[in-house]
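Observations on the three-dimensional arrangement
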Amino acid sequence: PPSTVQLDQIIEQIKTRSLDSEESIRFEVVQEILKAIKLEHDLISIDLLNILRDRTLDVKIKVRKFALQGLAALYKKIHSKASTSKRKTIQVVSWIPSKIMRIYFQESAEDKLLVERLLNNSIVPYNLGAREKMAQLYYAFSIFDDYSMLSLAEIMKNRTIIYQLMKSIIDQIE
């Protein structure tokens, strides 16, 4: 196994490449970090997660989207196995839902849709039972920052408006 000095050098090189002007290089960095973490959970480090966090604000949607989806998948995997995951690992990824929710206030409609999708699939998975879903939502509330709460409120408000519009359309058809 590589020494701590070697790991620091490797992470520094990855960090440098993640800031490359070429979109494909930044995308590959995100892809390789996620692939490595998926293969070996012990590779999860604050430094690598910080690189991914920085790429969630990438100029290009392709890089941004892949980084967000990767972080969401990582959070879901670790959090869904909370009883078997190490407490330290769970704490290391606890910032991910807030980071995802903050992206909702970006200008792009694609970002808003992505955040809603990740909220429904990873933060509070739609396919859980009611009790589990409420537990996930409660946990998310406990770790959300103020901006994340604003994002959630905005998402809920928009859903209510859409439901009301759909109901009025159906009522008019009948």
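These numbers were taken from a predicted model, which means no experiment stands behind them.

1. A short note on the layout of surface pockets
Volume-wise, the second largest pocket comes out at about 290 Å³. Forming the walls of the second largest pocket are 13 residues, and the residues nearest its centre are Ile10, Ile11, Ile14, Leu43 and Leu48. Of all the secondary-structure elements, those providing two or more residues to the lining of the second largest pocket are helix H1 (4–18), helix H2 (23–39) and helix H3 (46–55). Broken down by class, the residue content of the lining of the second largest pocket amounts to nine nonpolar, one polar and three charged.

2. Observations concerning the environment of isoleucine 10
On the secondary structure map, isoleucine 10 appears in helix H1. Note: C-alpha distance between isoleucine 10 and isoleucine 100 (90 residues apart in sequence) is 27 Å.

3. Structural notes on the packing of H1 against H2
Look at H1 against H2: their axes get within 8 Å of each other, and the N-to-C directions meet at 140°. With respect to H2, the axis of H1 lies oblique. Each of Ile14, Arg17 and Ser18 in H1 lies in contact with H2, whose residues at this interface are Ile25, Arg26, Val29 and Ile33. The class makeup of the residues in the contact of H1 with H2 is four nonpolar, one polar and two charged.

4. A word on the packing of helix H7 (residues 109–123) against helix H9 (residues 146–173)
The contact between H7 and H9 brings their axes to 11 Å, and the two run at 95°. On the basis of the axis angle, H7 is roughly perpendicular to H9. Residues Val115, Glu116, Leu119 and Asn120 of H7 lie in contact with H9, whose contacting residues are Leu152, Ile155 and Arg159. The class makeup of the residues in the contact of H7 with H9 is four nonpolar, one polar and two charged.

5. A look at the environment of tyrosine 147
Tracing the backbone through its elements, the reader meets tyrosine 147 in helix H9. In this structure tyrosine 147 comes out as partly exposed when scored by relative accessible area, which is 48%. Each C-alpha atom of the pair tyrosine 147 and phenylalanine 105 lies 8.9 Å from the other, and the pair is 42 residues apart in sequence. Other than its neighbours up to four places away in sequence, tyrosine 147 contacts Arg102 and Phe105.

Criteria and cut-off values
- Residues numbered from 1 in each chain as written.
- Predicted model: local features only at pLDDT ≥ 70, side-chain atom pairs only at ≥ 80, totals over all residues.
- Heavy atoms only, no water.
- 1 Å grid on protein atoms, 1.4 Å probe; cavity = no way out; pocket = protein on both sides within 12 Å on 5 of 7 lines; lining within 4 Å.
- Points joined across faces, edges and corners; volume = space filled by probe spheres on them.
- Helix = DSSP H or I, 4+ residues; strand = E, 2+ residues; numbered from the N terminus.
- Nonpolar A, V, L, I, M, F, W, Y, C, P; charged D, E, K, R; others polar.
- Axes fitted to C-alpha atoms, helices over the stretch in contact; angles between N-to-C directions.
- Parallel < 35°, antiparallel > 145°, perpendicular 65-115°, else oblique.
- Contact = heavy atoms within 4.5 Å.
- Buried < 20%, exposed > 50% of the residue type's maximum accessible area, 1.4 Å probe, protein only.

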